[in-house]
Amino acid sequence: MDTESTYSGYSYYSSHSKKSHRQGERNRERHKSPRNKDGRGSEKSVTIQAPTGEPLLANDSARTEEAQDDNWGETTTAITGTSEHSISQEDIARISKDMEDSVGLDCRRYLGLTVAAVLGLLVFLTPIAFILLPPILWRDELEPCGTICEGLFISVAFKLLILLIGTWALFFRKQRADMPRIFVFRALLLVLIFLFVVSYWLFYGVRILDSRDRNYQGIVQYAVSLVDALLFIHYLAVVLLELRQLQPMFTLQVVRSTDGESRFYSLGHLSIQRAALVVLENYYKDFTIYNPNLLTASKFRAAKHMAGLKVYNVDGPSNNATGQSRAMIAAAARRRDSSHNELYYEEAEHERRVKKRRARLVVAVEEAFIHIQRLQAEEQQKAPGEVMDPREAAQAIFPSMARALQKYLRTTRQQNYHSMESILQHLAFCITHSMTPKAFLERYLSAGPTLQYDRERWLSTQWRLVSDEAVTNGLRDGLVFVLKCLDFSLVINVKKIPFIMLSEEFIDPKSHKFVLRLQSETSV
């Protein structure tokens, strides 16, 4: 055996070198005499229990070999027995953290909504109360107003309607996220409105209610002035909340910590927490879905080469034991220095396997869609009640491509993100809209954005914002903040868009004109 040798009573053994050699020689050993895979010495054995309702993840002859070759399932813990769904340790930690963080979020959300609703109701009822209280309390003492007051009533009604629609469109929208801190501008506007309404009520109580003012036209005009002021405050809210952030002022570089994938976004004057919200909204549609299985092989390779060597004495002392041990350690060190060759051949082998199984998948899907076209031609001749719906057609052709798709997803380590139900739904969708095999395969041949997959497979729903500055502060040049979730983090680097000096250069149209003079005499 390559990793275990005995020289005059000394036996040299390295478990990590054993695994490396097995991975490098697995193709040649496959054609040699059969080998017992269970005889692994002290190596850890992991069993992954598949869900019973998803045949895509069922055991077959190639599953054990691929899982052991790729070494990407060593950290998975499964619930077996009567359980129908497997769950990993990361999922358990994520569920517990979600339950802890969700405590109090609903109360805080509804508290803010309640305060805003009460204040909005007070704002809209105040002008109406200003107009109705004098006729109720001292109707006989009021001076007649006539047509002027009736016109003011119509003006107040339409202005309140416009204010109601604008307030509904600006403030009463579905909340997109739970912020760690309040929105400063919105809070300032609410405080301004509250102080403004209280001031009007104080003036109304002192100058009108106490004195029982008989000039009803002046009272109505006072209510109209309140509505006009509220319209101007609403215009200020539109400027601060919507228009101020439209002009791009900063460029944000977003880098995912695990694989280094990055994107750039341009934003205006926003606070750190609102900029983080914009980044997350773009993350789910721009970044490819995070797949931790792709990083397991590299982590295993690094741990394998960082491991130490062990020397065991099994046959008693020997004279040349020390020299032989040094020779073995030096040989192992030289072998570890050639790890780049192992990486090169592993990647080449993986690419070859992916291309081979991709070709098989493409051929299988094309044959299945040809079969669908044949079925559609046959169904046109049947009675209307016997026509097969897209779901039944998808279930009919799916077994012909299931094995090829299963092997390809496992080779590319995407099997956790595509259940059999989701594949059948996508296949039925493609059949309904007469899509080509290439359109069906596009979702599986390359990793798509996070929104393309089911929500329970996103692996990132709750985030923590880490910043050296207060999250209510605005963006500035050189600012760095981090968005962390359970599996990875997004590092955001803020750069200010440079000031551009654009000058104009005038070119005289006459400068492009020239005269061509031809000589009639030529030299001989």
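Conventions we followed
- Residues numbered from 1 in each chain as written.
- Predicted model: local features only at pLDDT ≥ 70, side-chain atom pairs only at ≥ 80, totals over all residues.
- Heavy atoms only, no water.
- UniProt positions renumbered as here; feature names shortened; annotations may be inferred.
- Helix = DSSP H or I, 4+ residues; strand = E, 2+ residues; numbered from the N terminus.
- Buried < 20%, exposed > 50% of the residue type's maximum accessible area, 1.4 Å probe, protein only.
- Contact = heavy atoms within 4.5 Å.
- Areas by Shrake-Rupley, 256 points an atom, 1.4 Å probe, with all protein chains shown as cover.
- Salt bridge = Lys/Arg side-chain N within 4 Å of Asp/Glu carboxyl O.
- Phe/Tyr/Trp six-rings, centres within 6.5 Å; stacked < 30°, edge-to-face > 60°.
- Lys NZ or Arg CZ within 6 Å of the ring centre and 35° of its normal.
- Pairing = 2+ DSSP bridges.
- Axes fitted to C-alpha atoms, helices over the stretch in contact; angles between N-to-C directions.

Under the annotation held in an unreviewed UniProt entry, the chain carries the name Vang-like protein and is attributed to Bos indicus. Heading Sequence similarities (unreviewed entry) of the UniProt record for the chain holds this comment: "Belongs to the Vang family."

In this section: the overall build of the chain. Check the secondary structure of the chain and you find 15 helices and 8 strands. Classification of the 524 residues of the chain by burial places 34% in the buried group. Across the chain, the fraction of contacts at a sequence separation of at least 24, relative to all contacts at a separation of at least 6, is 75%. Surface exposure of the chain reaches about 33200 Å², of which carbon and sulfur atoms provide 57%.

Moving on, we come to the pattern of salt bridges. Pairs can form between side chains of opposite charge once their charged atoms are near each other. Counted by the stated rule, this structure contains 8 salt bridges. For Lys 285, the salt bridge is made with Asp 286, and the minimal N-O distance between the two is 3.2 Å. Overall, Lys 285 belongs to the partly exposed group, its relative accessible area being 44%. A single salt-bridge network, built from bridges that share partners, covers Arg 256, Asp 259, Glu 261 and Arg 263.

This part is about the packing of aromatic side chains. Between two aromatic rings, the relevant description is the distance of the centres plus the angle of the planes. The tally for this structure, following the rule as stated, stands at 20 aromatic pairs. On the basis of an interplanar angle of 35° and a centroid distance of 5.0 Å, the ring pair of Tyr 200 and Tyr 222 is categorised as tilted. Placement of the pair is Tyr 200 in helix α7 (residues 184-209) and Tyr 222 in helix α8 (residues 216-243), with a sequence separation of 22 residues. Each member of the pair Tyr 200 and Tyr 222 is classed as buried. Through a chain of ring-to-ring contacts, the aromatic side chains of Phe 130, Phe 196, Tyr 200, Trp 201, Phe 203, Tyr 204 and Tyr 222 assemble into a single cluster. Sitting above the plane of the Phe 488 ring, Arg 256 keeps its charged end 5.9 Å from the centroid. Its guanidinium or amino end placed over the ring of Phe 183, Arg 274 lies 4.2 Å from that ring's centre, counting from NZ or CZ.

What follows covers the sheet that holds strand β6 (residues 464-467). Strand order across the open sheet formed by 5 strands is β4-β3-β8-β7-β6, with antiparallel pairing between neighbours. Strands with a single pairing partner mark the edges of an open sheet, and in this sheet they are β4 (262-267) and β6. Across this sheet, the average inter-strand angle for adjacent strands is 25°, counted without regard to direction. Inspection of the sheet shows strand β3 (residues 250-256) paired to strand β8 (residues 489-496) by 7 bridges, in the antiparallel sense. Looking across to β8, one finds that Gln 253 is bridged to Asn 493. Lying on the sheet, helix α9 (residues 272-286) is in contact with β3, β4, β6, β7 (480-484) and β8; it crosses β4 at an angle near 135°.

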